[in-house]
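Examination of the molecular architecture
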Amino acid sequence: MSRMPTLKELVGPLLDSLETEAKAKGQKWSVRALELKHGIANGTLGQIAKGQRTTLNPDTTHKIALALGLSEAELNRAQRTSDDLDDAPDSGPERTPPAASTEIVREGYLAVLDEAFDGETHKPSDFVAVERLLRSRAAQILPGVDGPQIVRRWLDAAARIRERGENASSSAIIRELTARVVELEEANRRPVHPLVKQAQEKRRAREDR
Amino acid sequence: MGAFALCSLPEPWEIECSAQFVLQLACQDGADKPDVEEALKDLGFLVIRVAVAEKRGWTDFDQLIVYCRPSPDPRDETWTLAHELAHVAQELEGLPSEFHDEIITDQIARSILMPEGSFRKIVKGLGPDNPGILEEYRHVDPVQVLARTIELGF
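In every chain, residue numbers begin from 1 and rise along the written sequence. Throughout, the order in which chains and ligands are written sets their labels, letters from A for the former and numbers from 1 for the latter. In keeping with the model being predicted, local features are shown solely for residues with a pLDDT of at least 70 and side-chain atom pairs are shown and tallied solely at 80 or more, while totals for entire chains, interfaces and linings include all residues. Just so you know, side-chain values use all the structure's heavy atoms and leave hydrogens and water out.

1. As for helix 10 (residues 194-208) of chain A
All names here are of chain A. Secondary structure elements follow DSSP: runs of H or I no shorter than four residues count as helices, runs of E no shorter than two count as strands, and numbering proceeds from the N terminus. Expected helix span is taken as 1.5 Å per residue step, with the number of steps being one fewer than the number of residues. For helix 10, with 15 residues, the first-to-last C-alpha span of 21 Å sits near the 21 Å given by 1.5 Å per residue. Every buried residue of helix 10 is accounted for by Val196, Ala199, Gln200 and Arg203. For helix 10, the buried positions fall inside an angular range of 100° around the axis, keeping them on one side. More than 90 degrees from the buried face of helix 10, the exposed residues found are Pro194, Glu201 and Asp208. Partly exposed describes any residue whose relative accessible area lies between the buried limit of under 20% and the exposed limit of over 50%, with all areas from a 1.4 Å probe on protein chains only and scaled to the type maximum. The reported arc concerns the directions from the helix axis to the C-beta atoms and nothing else.

What follows is the structure in structure tokens.
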């Protein structure tokens, strides 16, 4: 089912596109500079892009709208979407905690993402892209597996895709990861068994028919 | 090697045939326990561990990549790789993946990990002082050891 973007989904990609635009013009750009220029508290935009902050007061909403060229209505709508996703259906002024199991999984991978995130290499949109991948593909960081190390590779993949100016969709990240791993392991690849080659040829012939 | 007839389930002897072939690959150099990962590599496959929880493992026969979900329990990975090797064995027998039956694939995987001859020998040799079958096959998921025991009529 389609839905409006959350605050994070709205702000993360915008920050990236502003940066790309500035770079293309040869201008210096940073999130901090943007915050300073518009009187936004230090770290607010980064927290939004990481999904750590899902609500804004009216003053900050106004400033962010100006900084990112959005309308306040768009930001308010995104805040409501974030709230709808995070809150229990009948939440009143007091927030009801979401279902425990979902929250544990979500908190678990967000913590791993946070740990893996490297501000120098990765951009907020890389974080958003990998978070989306973790959520949409039902991927989990499994116990006993070095989660941050794996997620860091996913973030690196998202960064490479972004640097090429492409959309870091979940499937693009998976393709990138596979291509990278294949590339890295190509050197160690053993010769293909003749029977496998034969079976592949038969298969292709079947598919061509 | 035999060839499976398209659109029909393989006969038990055909399953054994596939299993024996991959077993030979897996038990090279006189190893007594099959090394399924080595067997896949010998066939030219890349084994990649991906932490995606949707599937335990899957095989891309065109790209020659076997994906395996990492697990802290090595028996899980062994089983996944044996299952994928069983898919490869069926492909080599001429049975396209769309006709692979998961139950039969599991049966082939058990034949690879616990070949009939040695399994029977171990079970028959078991006495009060001998280690149990689960101990003998401690590298295999106990559920699969039990399934093999039933499968072979013990």
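2. Section: the nonpolar core
In plain words, nonpolar cores are sets of buried Ala, Val, Leu, Ile, Met, Phe, Trp, Tyr and Cys residues tied together by side-chain atoms within 4.5 Å. By size, the foremost hydrophobic cluster in this structure holds 31 residues, and its most contacted members are Leu40 and Phe45 of chain B. Looking at this core, the elements that each hand over two or more residues are helix 10 of chain A together with helix 2 (36-43), strand 3 (65-68), helix 3 (74-92) and helix 4 (102-113) of chain B. If you tally residues by element for this core, the top one is helix 3 of chain B, at seven residues. Ignoring any residue separated from it by four or fewer positions in sequence, one finds Phe45 of chain B in contact with Val196 of chain A together with Leu40, Thr59, Asp60, Phe61, Leu64, Ile65, Val66 and Val88 of chain B. Among the nonpolar cores identified, the runner-up in size contains 22 residues, and Val112, Ala116, Phe127 and Leu155 of chain A belong to it. Note on definitions: a residue-residue contact is assigned when non-hydrogen atoms from the two residues lie within 4.5 Å.

3. Quick word on the side chain of Ser71 of chain B
All names here are of chain B. Tracing the sequence through the fold places Ser71 in the loop between strand 3 and helix 3. Any pair of N or O atoms that falls within 3.5 Å is considered a polar contact. Within protein, one atom must be able to donate a hydrogen and the other to accept it, and sequence-neighbouring residues count only if both atoms are side-chain atoms. Of note is the side chain of Ser71, whose polar atom sits 3.1 Å from the backbone nitrogen of Asp73. A polar atom in the side chain of Ser71 sits 2.9 Å from the side chain of Asp76. Not counting residues up to four positions away in its chain, the partners in contact with Ser71 are Asp76 and Glu77.

4. Thoughts on the pattern of salt bridges
A pair is scored as a salt bridge if a Lys or Arg side-chain nitrogen falls within 4 Å of a carboxyl oxygen belonging to Asp or Glu. Under the criterion given, the structure shown has 14 salt bridges over all chains. A salt bridge links Asp76 of chain B to Arg56 of chain B; its shortest N-O distance comes to 3.8 Å. Remark: Arg56 of chain B occurs in the loop between strand 1 (46-49) and strand 2 (57-60) and Asp76 of chain B occurs in helix 3; sequence separation between them is 20 residues. On the accessibility criterion, Asp76 of chain B (26% relative accessible area) is partly exposed. Salt bridges sharing common partners tie together Asp118, Arg152 and Asp156 of chain A.

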